[in-house]
Amino acid sequence: MSILLTGGNGYIGSHVAVALGLAGRKIVILDNGSNSSINTISKIETINRAHVPYVFGDIRDMKLITKTLREHDVTAVIHLAGLKSVAESIEKPLDYYTNNVEGTISLLKAMNSQGIRNLVFSSSATVYGTPRQLPLDETHPTSATNPYGRTKIQSEEILADLARAQPEWRIACLRYFNPVGAHQSGTIGESPKGIPNNLMPIITQVALGQKSQLDIFGTDYPTPDGTGIRDYIHVMDLAEGHAAALQFLESHAGWHAFNLGTGKGHTVLELLESFEKASGISIPRKISPRRPGDVAKCYANVDKANRTLGWAANRSLHEMCSSTWNFCLNFPRTTTCTSPH
Ligand code: NAD
Ligand code: UDP
């Protein structure tokens with residue numbers, strides 16, 4: 001009996017693979033390598049001290065998915081595979097709808113054909129759009145400001161329709177807030193192939209001297225220091241949330257949404273200060289205009305996940321920063337703080 005991780009080679013997937021290994025689960029990873037390295041598998045194997053079967057392929061390849069489900073005796077799927085850049089989704093919406101929505105449908109059809117109806121889906125806090133009230137709880141209305149966000153809302157809605165039509169489905173949509181950090185081994189971490197847009201990978205680029213300074217997008221928000229507030233969560237806490245969701249589904253049918261965050265917001269300057277302390281490096285910065293589309297504040301109400309999943313994020317902002325830096329120091333020669341591809 002195995003758990004299939006689509007996109008299991010990626011940043012979050014590799015940490016989920018480790019968390020599931022720790023929880024004593026057998027896994028199989030399927031990934032098309034579009035934003036990850038094959039080398040990650042051996043790193044997961046080293047941490048887990050176990051062989052991890054790897055299938056190179058695409059979630060849109062229904063035949064391959066069906067074969068994988070059958071051959072590896074899969075009982076549940078954690079569906080992380082997807083494209084995730086907001087900016088790219090605005091430029092290439094069809095790529096995003098094909099990969100993220102069509103891909104999800106293909107996966108669901110393959111699962112249905114094999115009678116496998118346990119699914120954990122990687123969703124995002126982006127489904128809440130501009131917050132109407134904070135903290136955001138799961139009853140907050142969904143809306144999207146870009147194609148990436150719409151692919152997540154559409155996928156969630158397809159999953160909800162499926163659970164209504166076929167009550168045997170057990171589905172948990174995990175709405176991630178802002179994952180940062182790396183596994184304590186320093187061997188797996190965030191390894192974007194292109195130019196990063198998110199704050200933490202940009203900070204590390206500056207720390208490594210690969211970028212001259214950090215642009216701080218806006219200092220005139222209604223927050224204590226004027227910079228944007230986000231709910232940063234350690235990727236290992238997030239990963240452990242998946243193990244908790246799988247366990248929850250063993251006794252709960254239907255469609256469920258859970259926020260995975262810490263419930264605490266931090267400003268850009270707070271994250272920066274914490275990173276400087278953890279790394280001992282001072283980060284040159286420049287005040288720049290607001291980034292279009294950014295919200296001032298976004299943080300989670302995590303009561304539902306705490307109560308229902310028996311899960312809580314425990315790692316501190318300092319641990320998020322020090323583990324990120326530890327990973328980067330292990331791979332200092334690459335251009336975007338990536339492990340070698
Ligand atoms: P990532 O790019 O590191 O990992 C995604 C993995 O999926 C990559 O290894 C990529 O090669 C693979 N992949 C993409 N399309 C595929 C396809 N069609 N078939 C097979 N494999 C495919 O991204 P991540 O940060 O690990 O994100 C994982 C999931 O979590 C994504 O669905 C993303 O939208 C979601 N998410 C991420 C964040 C974040 O900040 N990182 C926040 C909210 C939600
Ligand atoms: N941010 C910034 N400079 C950057 C990248 C991000 O000041 O180069 C800010 C951004 O405006 C937001 C916060 O950092 O307030 C988190 O941005 P990120 O893109 O990581 O997450 P998201 O906005 O998608 O939640």
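Each remark here, short or long, concerns the structure printed above.
I will try to describe carefully the structure that is included in this document. Keep in mind that this is a model prediction, so the values were computed, not measured.

**As for the pairing of strand β6 (residues 170-176)**
Every other side chain in a regular strand lies on the same face of the sheet, so the side chains alternate between the two faces.
At step 1: With six of its seven residues buried, β6 lies for the most part within the structure.
At step 2: Pairing between strand β5 (residues 118-124) and β6: seven bridges, direction parallel. Across the sheet, the residue bridging to Leu-119 is Ile-171, located in β6.
At step 3: Sheet topology note: the β6/strand β11 (residues 254-260) ladder contains seven bridges and is parallel.

**Focus: the pattern of salt bridges**
At step 1: All told, the structure shown has 14 salt bridges when counted by the stated rule.
At step 2: A salt bridge links Glu-71 to Lys-67; the shortest N-O distance between them is 3.8 Å. Of this pair, Glu-71 and Lys-67 both sit in helix α3 (residues 62-71), separated by four residues, roughly a single helical turn.
At step 3: Assessed through its relative accessible area of 54%, Glu-71 is described here as exposed.
At step 4: With relative accessibility at 41%, the residue Lys-67 sits in the partly exposed group.
At step 5: Among the salt bridges present, the one from Arg-315 reaches Asp-237, with a minimum N-O distance of 2.6 Å.

**Comments concerning the site of ligand 1**
At step 1: Around ligand 1 sit 27 residues in total, of which Asp-31, Asn-35, Ser-36, Lys-84 and Tyr-148 are the nearest.
At step 2: Interatomic distance of 2.7 Å between a side-chain N/O atom of Ser-36 and an oxygen atom of ligand 1.
At step 3: In this structure, an oxygen atom belonging to ligand 1 sits 2.7 Å away from a side-chain N or O atom of Tyr-148.
At step 4: Among the secondary structure elements, those contributing two or more residues to the shell around ligand 1 are α1 (11-22), β5 and α6 (147-165).

**A word on the sheet that holds strand β9 (residues 229-230)**
At step 1: The three strands are arranged β12-β9-β14 in an open sheet whose pairing can be described as mixed. Two strands in the sheet have a free side with no partner beyond their single neighbour: β12 (266-267) and β14 (297-298).

**Describing unusual backbone geometry**
Keep in mind that most residues, glycine aside, have a negative phi and that most peptide bonds are trans.
At step 1: Cis geometry is found at the peptide bond from Leu-134 to Pro-135, where omega equals -5°.
At step 2: Structurally, Pro-135 can be placed in the loop between β5 and α6.
At step 3: We note that Arg-49 has phi near 50°; this positive angle belongs to a residue other than glycine.
At step 4: Structurally, Arg-49 is set in the loop between α2 (39-48) and β3 (54-56).
At step 5: Classification of Arg-49 by relative accessible area gives exposed; the value is 79%.
At step 6: Non-glycine residue Asp-73 carries a positive phi angle of around 50°.
At step 7: Relative to the helices and strands, Asp-73 resides in the loop between α3 and β4 (74-79).

**Focus on the site of ligand 2**
At step 1: By nearness alone, 15 residues border ligand 2, and Leu-199, Asp-215, Arg-230, Arg-291 and Asp-294 come closest of all.
At step 2: Here an oxygen atom of ligand 2 and a backbone polar atom of Leu-199 are 2.9 Å apart.
At step 3: Between Arg-291 and ligand 2, the recorded distance is 2.8 Å, taken from a side-chain N or O atom to an oxygen atom.
At step 4: For ligand 2, whose unbound accessible area comes to 530 Å², protein coverage reaches 88%.
At step 5: Put simply, the parts of the chain that give the shell around ligand 2 at least two residues each are α7 (199-207) and β8 (214-217).
At step 6: In terms of residues, the shell around ligand 2 owes the most to one element, β8, which gives four residues.
At step 7: When its residues are assigned to classes, the shell around ligand 2 shows seven nonpolar, four polar and four charged.

Calculation notes
- Residues numbered from 1 in each chain as written.
- Chains lettered and ligands numbered in written order.
- Predicted model: local features only at pLDDT ≥ 70, side-chain atom pairs only at ≥ 80, totals over all residues.
- Heavy atoms only, no water.
- Buried < 20%, exposed > 50% of the residue type's maximum accessible area, 1.4 Å probe, protein only.
- Helix = DSSP H or I, 4+ residues; strand = E, 2+ residues; numbered from the N terminus.
- Pairing = 2+ DSSP bridges.
- Salt bridge = Lys/Arg side-chain N within 4 Å of Asp/Glu carboxyl O.
- Near = heavy atom within 4 Å.
- Polar contact = N/O pair within 3.5 Å; in protein donor to acceptor, adjacent residues only side chain to side chain.
- Areas by Shrake-Rupley, 256 points an atom, 1.4 Å probe, with all protein chains shown as cover.
- Nonpolar A, V, L, I, M, F, W, Y, C, P; charged D, E, K, R; others polar.

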